[in-house]
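Structural features, examined
Single-letter residue listing:
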Amino acid sequence: MEDAVDGVLAGARADLERLVRIPSIWANPAHAQDTRSSAEAVAELARGAGASAVRIVAAAGGAPAVIAHWPAPVGRPTILLYAHHDVQPTGGDEHWTSPPFVPTQRDGRLYGRGTADDKAGVMTHIAVLRAYDGRPPIGVTLFVEGEEESGSPTLPALLHAHQDLLAADVVVIADAANPSVDVPALTTSLRGLVDCTVEVAMLEHPVHSGMAGGPMGDALTALCRLLACLHDEHGDVAVPGLVHGTSTATDVGDDDGTEATFRTGNGVLEGVQLIGCGSINEHIWQRPAASVLGIDAPRVADASNVLVPRARALISLRIAPGDDPVTAQRALTDHLQEHVPWGARLTVAPRTGGAPFALETTGDAYDAARRAFSEAYGNEVREIGMGGSIPFVAQFARAFPGATILLTGVGDPASHWHGIDESLDLAMFGRGVLAEALLLAELAKG
Ligand code: BES
Ligand code: MN
Ligand code: MN
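Here is a short report on the structure shown in this document. Worth saying up front: this structure is predicted, and the values here are computed from it rather than measured. (Residues numbered from 1 in each chain as written. Chains lettered and ligands numbered in written order. Predicted model: local features only at pLDDT ≥ 70, side-chain atom pairs only at ≥ 80, totals over all residues. Heavy atoms only, no water.)

Okay, the sheet that holds strand β5 (residues 109-111) next. Read across the open sheet, the 3 strands follow the order β4-β5-β18; overall the sheet is antiparallel. In this open sheet, the two edge strands, each paired with only one partner strand, are β4 (104-106) and β18 (423-425). Averaged over all pairs of adjacent strands, the angle between strand axes in this sheet comes to 25°, irrespective of strand direction. Strand direction decides the pairing type here: β5 and β18, joined by 3 bridges, are antiparallel. Its bridge partner being in β18, Arg109 is matched across the sheet by Asp425. Each of β4, β5 and β18 is contacted by helix α13 (residues 426-444), which is oriented at about 65° to β18, the strand it contacts most. (Pairing = 2+ DSSP bridges. Helix = DSSP H or I, 4+ residues; strand = E, 2+ residues; numbered from the N terminus. Axes fitted to C-alpha atoms, helices over the stretch in contact; angles between N-to-C directions. Contact = heavy atoms within 4.5 Å.)

Turning our eyes to something else, we now look at the packing of helix α3 (residues 119-131) against α13. Viewed as axis vectors pointing N to C, α3 and α13 meet at an angle of 50°, and their least axial separation amounts to 9 Å. It follows that α3 is oblique to α13 by the angle criterion. For the crossing formed where α3 meets α13, the hand is right-handed. Residues Ala120, Met123, Thr124, His125, Ala127 and Val128 of α3 form the contact with α13, whose own contacting residues are Phe429, Gly432, Val433, Glu436, Ala437 and Leu440. (Parallel < 35°, antiparallel > 145°, perpendicular 65-115°, else oblique. Left-handed = near helix turned anticlockwise from the far one by under 90°.)

Attention now moves to the pattern of salt bridges. The full count for this structure, using the stated rule, is 18 salt bridges. Connected through shared salt-bridge partners, Asp15, Arg18, Glu44 and Arg130 make up one network. (Salt bridge = Lys/Arg side-chain N within 4 Å of Asp/Glu carboxyl O.)

Checked against the element boundaries, Leu407 lands in strand β17 (residues 404-408). Overall, the relative accessible area of 0% leaves Leu407 in the buried class. Aside from chain neighbours lying at most four places away, what touches Leu407 is Ile173, Ala176, Ala185, Leu186, Thr187, Leu190, Leu359, Tyr366 and Ile390. (Buried < 20%, exposed > 50% of the residue type's maximum accessible area, 1.4 Å probe, protein only.)

When four donors bind a metal tetrahedrally, each ideal donor-metal-donor angle is 109.5 degrees, and when six bind octahedrally, the ideal angles are 90 or 180 degrees. Here the manganese ion (ligand 3) is held by the protein donor atoms Asp117 (OD), Glu149 (OE), Glu149 (OE) and His418 (NE2), which lie 2.0 to 2.6 Å from it. With 6 donor atoms in place around the manganese ion (ligand 3) and angles of 55 to 153° between them, the coordination shape is irregular. Each donor residue of the manganese ion (ligand 3) belongs to the same chain, and together they define the spacing D-x31-E-x268-H. A separation of 3.5 Å is found between the manganese ion (ligand 3) and the manganese ion (ligand 2), both of which receive a donor from Asp117. Taken together, the residues Glu149 in the loop between β6 (139-145) and α4 (155-161) and His418 in the loop between β17 and β18 connect sequence positions 269 residues apart. (Donors = N, O, S within 2.8 Å, 3.2 Å for Na, K, Ca; no water. Tetrahedral: all angles 85-135°; square planar, octahedral: opposite > 155°, others 65-115°.)

What follows is about the nonpolar core. Counting residues in hydrophobic clusters, the biggest one holds 96 residues, and the most contacted among them are Trp70, Ile79, Phe143, Ile173, Phe392, Phe396 and Leu439. Here the element with the most residues in this core is α13; it accounts for 12 residues. Leu439 has contacts with Ile79, Val172, Ala365, Ala368, Ala369, Ala372, Phe373 and Leu406, leaving out every residue within four places of it along the chain. In terms of nonpolar packing, the next biggest core, distinct from the first, is built from 32 residues, Val198, Val239, Ala311 and Ile319 among them. (Core = buried A, V, L, I, M, F, W, Y, C linked by side-chain atoms within 4.5 Å.)

Turning to the coordination of the manganese ion (ligand 2), a few remarks are in order. Taken together, the protein donors to the manganese ion (ligand 2) comprise His84 (NE2), Asp117 (OD), Asp175 (OD) and Asp175 (OD), at separations of 2.0 to 2.6 Å. Geometry at the manganese ion (ligand 2) is irregular, judged from its 6 donor atoms and the angles of 55 to 160° they form at the metal. For the manganese ion (ligand 2), all donor residues lie on one chain, and their spacing in sequence is H-x32-D-x57-D.

Near ligand 1 lie 16 residues; those nearest to it are Glu148, Asp175, Arg318, Ser389 and His418. His84 has a polar side-chain atom sitting 3.1 Å from an oxygen atom of ligand 1. Between an oxygen atom of ligand 1 and a side-chain N or O atom of Arg318, the distance comes to 2.8 Å. Protein chains bury 91% of the 520 Å² of accessible surface belonging to ligand 1 in isolation. A class-by-class count of the residues in the shell around ligand 1 yields 6 nonpolar, 5 polar and 5 charged. (Near = heavy atom within 4 Å. Polar contact = N/O pair within 3.5 Å; in protein donor to acceptor, adjacent residues only side chain to side chain. Areas by Shrake-Rupley, 256 points an atom, 1.4 Å probe, with all protein chains shown as cover. Nonpolar A, V, L, I, M, F, W, Y, C, P; charged D, E, K, R; others polar.)

Nothing here speaks to function; it is geometry throughout.
Now the structure itself:
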């Protein structure tokens with residue numbers, strides 16, 4: 001198997017570069033056509049890897065997804081291999097060391113938007129199918145969606161419309177990360193997400209800040225006071241009614257040096273304190289987090305001496321495994337309504353959402369994965385939680401309650417997912433492909 005995988009890695013890396021050159025930012029309507037091109041490129045790769053049927057599908061108003069099939073030899077199970085081909089916006093091309101959509105290698109890593117999240121996941125699956133020469137030892141369905149970074153709003157409709165095509169015994173979601181480049185992880189939990197915009201309105205129009213300021217407040221100050229209600233004095237989320245979980249993951253405790261690793265890994269400025277109580281991992285994996293992602297208000301350069309009549313912010317609430325997006329959204333809205341200062345008019349508009357998930361990590365498929373991944377990486381598999389969200393997981397589990405879900409991936413802490421200079425460690429990419437190829441062989445043994 002190792003030789004077969006070695007033989008396909010150079011081609012897989014070249015095709016990864018091809019995919020990375022397509023700016024498939026589905027969340028930005030200006031890139032809708034690019035996202036369609038990206039789906040076509042994935043479909044072509046699937047055809048080239050010997051798929052018997054390849055479809056590009058979309059629900060009404062949704063992004064194009066690719067479904068491809070390699071039939072199961074008689075008596076063998078079928079595995080669904082998941083990844084997503086849409087990517088995050090760049091955050092400003094000028095901040096990147098090399099342009100985000102020009103894949104560039106430096107020190108064994110390939111840089112570019114989507115190199116890790118999640119075009120590496122797409123290419124892991126394609127490379128495995130190539131390593132088997134298009135004849136995998138078990139049935140394979142490849143499912144590559146195009147709106148994950150938008151919260152997968154039409155995915156339930158797609159799962160419903162193509163239920164027969166997508167049914168599988170085991171699902172591998174290659175969209176998570178490993179603790180380091182040579183230590184494989186099976187991710188056991190994800191947080192959910194509840195996003196909303198809040199608008200605070202105080203005045204019908206801007207007024208002279210000297211004439212009216214004093215008795216009359218401004219909307220931007222009101223918004224700041226409102227946003228301050230998200231945390232208590234320790235920095236823990238102060239919204240009542242949210243789930244604060246306790247972990248079943250084996251590695252929930254902080255390792256030696258985790259705080260230092262966390263600080264350097266994330267570029268935390270010297271002297272800046274971490275907020276909230278408890279260990280870092282427990283906090284990220286098992287507890288809610290509230291962040292303000294953006295504010296619409298006059299730019300400083302354009303500001304004048306007027307009281308700002310209205311201001312808007314985007315709040316992102318990560319919710320713990322066991323919580324529910326609908327009740328969490330309601331809890332957040334109620335909390336904001338209770339804390340809006342000075343009688344300001346508050347409007348809360350929900351945006352994207354995704355359910356959290358805790359995976360059941362027992363059974364034959366998990367045993368097979370532990371064997372395959374330990375062998376490929378030369379290190380024991382670790383079970384870790386993850387603070388990010390993948391709406392597909394809960395949606396798929398609801399549609400196919402009998403399937404075993406495995407959460408894998410080829411990201412590492414240096415991948416800078418969603419950030420500037422996103423990258424993939426190419427040696428780990430090779431180990432990830434081998435691990436998944438070995439997993440298929442293990443599952444074929446029954
Ligand atoms: N692959 C990530 C989620 C992730 C990151 C899982 C790191 C494990 C480790 C995924 O593409 C993502 O970014 N999801 C969004 C979902 C949201 C739009 C509902 C997220 O977490 O922000
Ligand atoms: Mn992803
Ligand atoms: Mn992402």
